[in-house]
Every structure is written in structure tokens, then in C-alpha cells.
Amino acid sequence: MKKTILSLASGAALLAASFSGSAAEKLTLQLKWVTQAQFAGYYVALEKGYYKDLGVDLTIKPGGPDIAPAQVLAGGGADIVVDWLPSALATREKGLPLVNIGQIYGKSGMMLTCLKDSGIATPADFAGKTLGVWFFGNEYPFLSWMSKLGYSTAGGADGVTVLKQGFNVDPIFQGQADCVSTMTYNEYGQVLDGGLTPEELVLFKYEEEGVATLEDGLYVLEDSLKDPKKLDAYAKFLKATIKGWEWAAANPEDAGLIVLEYDDTGAQTEAHQIRMAKEVAKLLSNSDKGIGYLEPAAFERTVKILLDSESTPVITKQPEGAYTHVVFDAAAKL
């Protein structure tokens, strides 16, 4: 089915290109993680031919534990990457000029999932506890939160011990941590699938703790925006992407199944992908301008949270030129 649909979409795009006199623009998108419904909108747009319809020949590269999207972008392995804003800002400050051209998620899905029998009921109970944290750019919101709470991350009775958590929830089952990092749409489900019940858990959502930072956004290298041809391709890409995400949000069960078709590892299950697609739909940008628009106030909120992290600064100065609405505005005119 997939190949047939893609073939038909490709044929339509080629026909359109022959009338316009221009070939499809090749673009590569590097995902932040493996093929899963976290990225459903891109796969929906690919499957349904939305990219081809606008003259974009898109390749989607799955991510993984050993893949840093920014490094792939810097090395020329991708034109666009999915990344979280804290990571992108930290990378930009270090010298790689990432620019956000579209914001897909408007809410954070990150939270700490804690065992109730650990004695943790509120953040005031974190002292002396072991907390599982993802690194590789995912640690920045956590470090900002601990700084806000006044906890040292070096351990001790008055601080917290940070366990560098693998991209799984094993530590909460193996007695290695009192809390583990989870996403509402992914690892929390894994905790439940592992046998723990909601009644045995205490959840601390970053959104509710006032330390939520912007997550899945689309980033390119700043210099590429100076190329009119590239800018036009980005606009077409974003237009199709937004359409894909709108469809995925309205049809999460079908979107989960589409993602499953593109999972070459066989590691994903239908139930998990559908559940993920439904949860992800709750996080999509709720801007008045729609999915893909980066709200300046949300950007500034993220920056403030990162700058307030005195003990472990994520960024040290107010970023300049870290996002643009040029691509979104061009996409809206297509």
C-alpha cells in the first residue's frame, strides 16, 4: 500500500514539476529520535504525498541514542533537524548557528515519574533522592528546575543524586532511582506496561512546575536562509509538514498505523504508537496562527528558564537571531 501511494504521489509531483519547469527540491530531515509517533506528522505528510505535491523530495532520517541532530546538520547530513529549543540554544551559543524555522510542539511532554513509596510527594521531598535524567541535550530543563529549587545536583543529603538514565525506564524497576524521566507520550506508558499502576506513582509535569521549555521544533543553519531557493524549499516543506500534523492530530489512530509502516526495526507496537499519537496531539502548538508558529512569548519563557539556572547555566546570555518567522510567513502564502 505504502509504495503504491508513494508511487502515485511521486507521479503527480513529477507531472506538476513538468508543468512548472522545475524539478522537486531534495531535502533531508533528521529526527531527534527513532521512528515513532512523536514524529507522526512528518510520516503522514510523506505517506499522503503532501511534500511531493509541493515539489519537495523529502528523505526522513530516524535518530537514535548515538545521533546528535545538530552534528548531522553541521556535517551536511541533513537540511533540517528536529530538536528541543534548550539544546538548540546551547548549541547556538557554542558556535553552531541553528535557527528555528517552525515550532511543532507548544507544550512540554516531559515529566519526572516517581515511586510513591519513595516518600516523594512534592518537590520538597527530592532532597537525598536519586533522580534519573536523560542527557545528550535533554538534561537542560531538569538542571534549570533543580537550580530553581535550590538543589545541588552533586548528591548529598540536601541535594539530589543524578543518575544518567538510559533511554528506557529500567532504573525505576531495578531499584536504581526513586524517579525517572519520562515523556507523557512514550516512557510513562512503558512504566505502566511494566506493571506499575498510576496509584503507585507521583508525576511531576514540567508544564505544571513552571519549568517547561519548548520541545520539538524545526531547525536549519542560519546561512542556508540566505539562499532564496532554499528558503522557498523550506517554506514548501513547512506547509506540507503543518498539513501532515493537522491530519495526524485529527486522526491519531490512523497516524499511529502510518508510523508503524515506516518502522524498519520492528520494535514498535500498534498499541504503543496509537497511544503515543493520541498523547502527542495534546502537545501540538496551540498558537492562534496554528501549528508551526513559534510564539515569541513562549521563546522568551524558555530563555528565562534557561538563564535562571545559576548553578548549571545552560546559556549565559540572551540569544539573538535564534528563530525566524520568515519561513512560516512564506509557507502561509503558498
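Residues numbered from 1 in each chain as written. Predicted model: local features only at pLDDT ≥ 70, side-chain atom pairs only at ≥ 80, totals over all residues. Heavy atoms only, no water.

Colleague: What exactly am I supposed to notice about the environment of I67 here?
Modeller: On the secondary structure map, I67 appears in the loop between β2 (56–61) and α4 (69–74). Considered as a pair, I67 and L149 are 82 residues apart in the sequence and their alpha carbons are 31 Å apart. (Helix = DSSP H or I, 4+ residues; strand = E, 2+ residues; numbered from the N terminus.)

Colleague: Sorry, what's going on with the state of the cysteines here?
Modeller: Joining two cysteines, a disulfide is a covalent bond between their sulfur atoms. Evaluation of the coordinates by the stated rule reveals one disulfide. Disulfide partner of C114: C179, at an S-S distance of 2.1 Å. One quick way to see it: the torsion about the S-S bond of C114 and C179 is about 105 degrees, and its sign makes the bridge right-handed. Of the two residues, C114 is situated in strand β5 (residues 110–115) and C179 in strand β8 (residues 179–183); the sequence distance between them amounts to 65 residues. Residue classification places C114 among the buried residues on the basis of a relative accessible area of 0%. (Disulfide = S-S within 2.5 Å. Buried < 20%, exposed > 50% of the residue type's maximum accessible area, 1.4 Å probe, protein only.)

Colleague: Would you explain the nonpolar core in this entry?
Modeller: A general feature of soluble globular proteins is that nonpolar side chains tend to end up buried together. Judged by nonpolar contacts, the single largest core of 73 residues is most densely connected at L29, Y42, Y51, L112, F126, L218 and W245. When residues in this core are grouped by element, the largest group, nine residues, is from helix α10 (residues 228–250). Ignoring anything within four residues of it in the chain, the contact list for Y51 reads Y42, A45, L46, V56, L58, F237, A240 and T241. (Core = buried A, V, L, I, M, F, W, Y, C linked by side-chain atoms within 4.5 Å. Contact = heavy atoms within 4.5 Å.)

Colleague: Which parts of the structure should I look at to understand the packing of aromatic side chains?
Modeller: For the coordinates displayed, the defined rule picks out 13 aromatic pairs. Ring geometry for F126 and Y151: centres 6.4 Å apart, planes at 55 degrees, overall tilted. Here the residue F126 occupies a position in the loop between β5 and β6 (130–133), and Y151 occupies one in the loop between α6 (140–149) and β7 (161–164), the gap between them amounting to 25 residues. For the pair shown, F126 and Y151 are each scored as buried. (Phe/Tyr/Trp six-rings, centres within 6.5 Å; stacked < 30°, edge-to-face > 60°.)

Colleague: Looking at this structure, I do not really get the side chain of Q273. What am I missing?
Modeller: With respect to the helices and strands, Q273 occurs in helix α12 (residues 270–281). Within the structure, the side chain of Q273 is placed 2.9 Å from the side chain of Q268, a separation counted as a polar contact. Apart from the residues within four sequence positions on either side, Q273 is in contact with Q36, A37, G256, V259, L260 and Q268. (Polar contact = N/O pair within 3.5 Å; in protein donor to acceptor, adjacent residues only side chain to side chain.)

Colleague: It is not clear to me how the sheet that holds β2 should be interpreted in this structure. Could you clarify?
Modeller: Strand pairing in a sheet is mediated by backbone hydrogen bonds. Such pairs are either parallel or antiparallel. Strand order in this open sheet of five strands is β2-β1-β3-β10-β4, and the pairing throughout is mixed. Whereas interior strands pair on both sides, the edge strands pair on one side only; in this sheet they are β2 and β4 (98–103). Averaged over all adjacent pairs, the angle separating strand axes in this sheet is 30 degrees, with direction ignored. Bridge analysis of strand β3 (residues 80–83) against strand β10 (residues 217–221) gives three bridges, and the strand direction is antiparallel. Paired with V82 across the strands is L218, a residue of β10. Set on the sheet, helix α2 (residues 40–47) makes contact with β1 (25–30), β2, β3 and β10; between it and β2 the angle comes to about 140 degrees. Together, β3, β4 and β10 form the strand contacts of helix α5 (residues 85–93), whose direction differs from that of β4 by roughly 160 degrees. (Pairing = 2+ DSSP bridges. Axes fitted to C-alpha atoms, helices over the stretch in contact; angles between N-to-C directions.)

Colleague: What is the right way to read the environment of D216 from this model?
Modeller: In this structure, D216 sits in the loop between α9 (206–209) and β10. C-alpha separation for the pair D216 and S108, spaced 108 residues apart in sequence, amounts to 8.8 Å. Dropping the residues within four chain positions of it, D216 is found in contact with Q38, F39, V82, D83, W84, Q103, I104 and Y105.

Colleague: Is there a simple way to think about α5 in this case?
Modeller: Each full turn of the α-helix corresponds to 3.6 residues, which orients residues three or four apart in the same direction. By the criterion of burial, α5 is predominantly enclosed, with eight of the nine residues buried. Among the residues making up α5, those that are buried are L85, P86, S87, A88, L89, A90, T91 and R92. Tucked inside the fold, the buried residues of α5 contact α4, β3, β4, α6, β10 and α13 (296–307). Backbone geometry just downstream of α5 places G95 in the positive-phi region, at approximately 125 degrees.

Colleague: Would you take a moment to explain the pairing of β2 for this structure?
Modeller: Remember that side chains alternate between the two faces of the sheet whenever the strand is regular. Side chains V56, L58 and I60 project from β2 onto a buried face, and the interleaved D57, T59 and K61 project onto a face without burial. Judged from the six bridges that link them, β1 and β2 form a sheet pairing that is parallel. Opposite T28, over in β2, you have T59 as the bridge partner.

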